[in-house]
Amino acid sequence: MVNIPEYYVGKTVLITGATGFMGKVLLEKLLRSCPGVKSVYVMVRSKAGQSPQARIADMINCKLFERLQDEQPGFAEKIVAVNSDLTQPELDLSKGDQSILVENINIVFHCAATIRFNEPLKDAMQLNVLATQKMVALAHRMKHLEIFIHISTAYANCDRELIEEIVYPPPVDYRRLIDTL
Ligand SMILES: NC(=O)c1ccc[n+]([C@@H]2O[C@H](COP(=O)([O-])OP(=O)(O)OC[C@H]3O[C@@H](n4cnc5c(N)ncnc54)[C@H](OP(=O)(O)O)[C@@H]3O)[C@@H](O)[C@H]2O)c1
């Protein structure tokens, strides 16, 4: 049986939503507890005039990454920021970045999402459903993919008194909902 840090030795990981609450702690924990990980690609959009690379450089300067900085001063070299807006066609990835991801990624953590409960349904659908579909399609092209993890939420089916660990059928066919929106 291989333990978790052993499993990640030499692996190349892709994370969406790495600038968010969940993605940030995942990135730090993965790099700190699995020092053998080869590299971590993060799909990040430009925001407020800042490039994805500048956003990640800023982020890893925050307190969360101090311990990692002490333990593994070269950790930043393992993080590769690629420009991507998940709501855009082809995830806004350049052809060059697409082929790098297709050739190299072993594990995908898809954490990007909107978590606003009052988000307009159309926008929530764009990011939480359609972007997830696009990520799955990209993952299907990856030549060395071992695992695809979609980080979702337990805040679902809250109209039920007892929520079991099963996938419930949706109240409407998702394709009809997309067409309607
Ligand atoms: N928070 C929790 O305690 C918790 C617990 C369990 C599960 N979850 C689940 O984990 C997932 C992430 O939650 P979170 O709390 O980390 O949310 P969050 O802090 O709001 O982070 C959302 C992430 O998605 C990215 N994103 C949004 N729109 C994007 C787009 N168009 N293109 C590229 N990236 C985009 C954001 O990037 P920008 O920085 O560019 O906006 C950010 O990195 C959700 O499914 C949530 O339900 C959360």
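Everything here concerns the structure above.
What counts as what
- Residues numbered from 1 in each chain as written.
- Predicted model: local features only at pLDDT ≥ 70, side-chain atom pairs only at ≥ 80, totals over all residues.
- Heavy atoms only, no water.
- Helix = DSSP H or I, 4+ residues; strand = E, 2+ residues; numbered from the N terminus.
- Buried < 20%, exposed > 50% of the residue type's maximum accessible area, 1.4 Å probe, protein only.
- Polar contact = N/O pair within 3.5 Å; in protein donor to acceptor, adjacent residues only side chain to side chain.
- Near = heavy atom within 4 Å.
- Areas by Shrake-Rupley, 256 points an atom, 1.4 Å probe, with all protein chains shown as cover.
- Nonpolar A, V, L, I, M, F, W, Y, C, P; charged D, E, K, R; others polar.

A word on the environment of E103
So, step 1. In this structure, E103 sits in helix α5 (residues 95-104).
So, step 2. On the accessibility criterion, E103 (36% relative accessible area) is partly exposed.
So, step 3. Spatially, the C-alpha atom of E103 lies 9.2 Å from that of L145, the residues being 42 residues apart in sequence.
So, step 4. Within the structure, E103 has its side chain in polar contact with the side chain of K143 (distance 2.7 Å).

Overview of the site of the ligand
So, step 1. Around the ligand sit 20 residues, and of these T19, M22, R45, K47 and R55 come closest.
So, step 2. Note that an oxygen atom of the ligand is positioned 3.4 Å from one of the backbone N or O atoms of A113.
So, step 3. S152 places a main-chain nitrogen or oxygen 3.5 Å from a nitrogen atom of the ligand.
So, step 4. Within the complex, 77% of the 900 Å² of free accessible area of the ligand lies under protein.
So, step 5. Taken together, the residues of the shell around the ligand sort by class into 9 nonpolar, 7 polar and 4 charged.

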